Amino acid sequence: PRRGESRGGAGAAAGLTGVLDDCLCDIESIDDFNTFKIFPKIQKLQERDYFRYYKVNLKRPCPFWADDGHCSIKDCHVEPCPESKVPVGIKAGSSNKYSKAANNSKELEDCEQANKLGAVNSTLSNQSKEAFIDWARYDDSQDHFCELDDERSPDAQYVDLLLNPERYTGYKGPSAWRVWNSIYEENCFKPRSVYRPLNPLAPSRGESFYTWLEGLCLEKRVFYKLISGLHASINLHLCANYLLEETWGKPRWGPNVKEFTRRFDPIETKGEGPRRLKNLYFLYLIELRALSKVAPYFERSVVDLYTGNGHEDAESKALLLDIFRDTKSFRMHFDEKSMFAGDKKGAKSLKEEFRLHFKNISRIMDCVGCDKCRLWGKLQTQGLGTALKILFSEKEIQSLPENSPSKGFQLTRQEIVALINAFGRLSTSIKELQNFKVLLQQTR
């Protein structure tokens, strides 16, 4: 049988089959659903103008520690668009205050390579720029109740996601460990005495991690699994899009089986790899659930994916609604009814705790050394944050008025772009995992 084949040696190599914890769903069904329904459509959607431009501020300082990572922003300075190329609508006030810090030349050399590969390409066509001014005007006329802190900053710039794929640039500084460590340690409801397995920064003592995790209420367990799933997904992209060699100055990117094995093989990771990958599937289900829940918001005629090109906007919306139909047809959704189902007061404070932990994680992304990783880290975190916002707002979404901007629930263009691209990354991860299973079979 078609599916049975992948369950042999390679399935075992990735240690992954069967049912996921905390939801009634098996991995093989998700693989099939993703490969045949979701992946091809979400790829197409991500190429549409509305979804390919993301506004991001890559200059926010790391709020948690002094930036001492080799390739931190001051050394690996990414040149922004020259002033003349920035659209008038985006040029606000003091946009050109940064100067190039004078740097120690040795550090600069070390940094140069990662800088070249990790630099964000911020070139935009004049046509796009004209369009942005128009989009912004349209967005401003809508009734938004929440303003994202970054959007209005003079340092925020539009980035074309298609020109800046997420991939492994070779940046391995200690601050990379530190970023994830800080996310897990500070933001996963975790007591200090419990250390994450295989955490290179932790002493080897303390209460067993999984005993602690099992003892948590479902919500807090879910929070940890979402973060772990995001971590696994990002690591998978880096293994699948790895800098294999640079000959004649032309970099060659592709899957690195050795790197994949190092991060996910059951034996090399002492059983952690399969857990990480299961958390990736879990995250996929959570974001899939959010998409099916937010469908009514977009099904209203008052919502269009506005770029100013009526024909293209209609096509983008049709494709998005088609994806929503697929997400609703999937039979094994995660049922979040079991979450936040306690007494009203407890549920409310837990939801607030979730929100604050999450806000903190998005701020930790400002500590990522390589700009391209920072860009994708911020985008995927915001996408997950938007998914959670949707799952927490089911009642508000159901009672939206058909023909007027909504008071109770609103998504900004930023949130929509982050939501779709973040889910697109997860869909890609699951597809890449299939590919690694095949490659592992061939190398056996």
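Residues numbered from 1 in each chain as written. Predicted model: local features only at pLDDT ≥ 70, side-chain atom pairs only at ≥ 80, totals over all residues. Heavy atoms only, no water.

Colleague: Explain the environment of E185 here, please?
Modeller: In this fold, E185 is placed in helix α7 (residues 174–187). Exposure remark for E185: the relative accessible area of 13% places this residue in the buried category. Sequence separation between E185 and R196 is eleven residues, and the spatial gap between their C-alpha atoms is 8.4 Å. (Helix = DSSP H or I, 4+ residues; strand = E, 2+ residues; numbered from the N terminus. Buried < 20%, exposed > 50% of the residue type's maximum accessible area, 1.4 Å probe, protein only.)

Colleague: Any chance you could explain the packing of aromatic side chains here in plain terms?
Modeller: When we look at a pair of aromatic rings, we describe it by the centre distance and by the angle of the planes. Tallied over the entire structure, the rule returns eight aromatic pairs. Summarising the aromatic geometry, the rings of Y297 and F298 are spaced 5.1 Å apart at their centres and angled 85° between planes, so their arrangement reads as edge-to-face. Like F298, Y297 is buried. Of the aromatic side chains, those joined through ring pairs into one cluster are Y297, F298, F324 and F409. Its end group placed over the ring of F282, K225 keeps NZ or CZ at 4.6 Å from the ring centre. (Phe/Tyr/Trp six-rings, centres within 6.5 Å; stacked < 30°, edge-to-face > 60°. Lys NZ or Arg CZ within 6 Å of the ring centre and 35° of its normal.)

Colleague: Looking at this structure, how should I read the pairing of strand β2 (residues 157–160)?
Modeller: Remark: a regular strand shows side chains that alternate across the two faces of the sheet. Residues Q157 and V159 line one face of β2 and the alternating positions Y158 and D160 line the opposite face, and both faces are buried. Here strand β1 (residues 53–56) runs beside β2; their pairing, made up of four bridges, is antiparallel. Across the sheet, the residue bridging to Y53 is D160, located in β2. (Pairing = 2+ DSSP bridges.)

Colleague: Would you mind going over the UniProt feature "binding site: FAD" (unreviewed entry) in the chain with me for this structure?
Modeller: Feature annotation in UniProt assigns "binding site: FAD" (unreviewed entry) to the following positions: R167, T169, W180, S228, H231 and R263. Looking at the element boundaries, H231 is found in helix α9 (residues 218–240). Its place among the elements puts R263 in helix α10 (residues 257–264). Sequence-distant contacts of R263, that is, excluding residues within four places in its chain, are made with Y168, N235, C239, T269, G273 and R276. Within polar-contact distance, the side chain of R263 engages the side chain of N235 at 2.5 Å. (UniProt positions renumbered as here; feature names shortened; annotations may be inferred. Contact = heavy atoms within 4.5 Å. Polar contact = N/O pair within 3.5 Å; in protein donor to acceptor, adjacent residues only side chain to side chain.)

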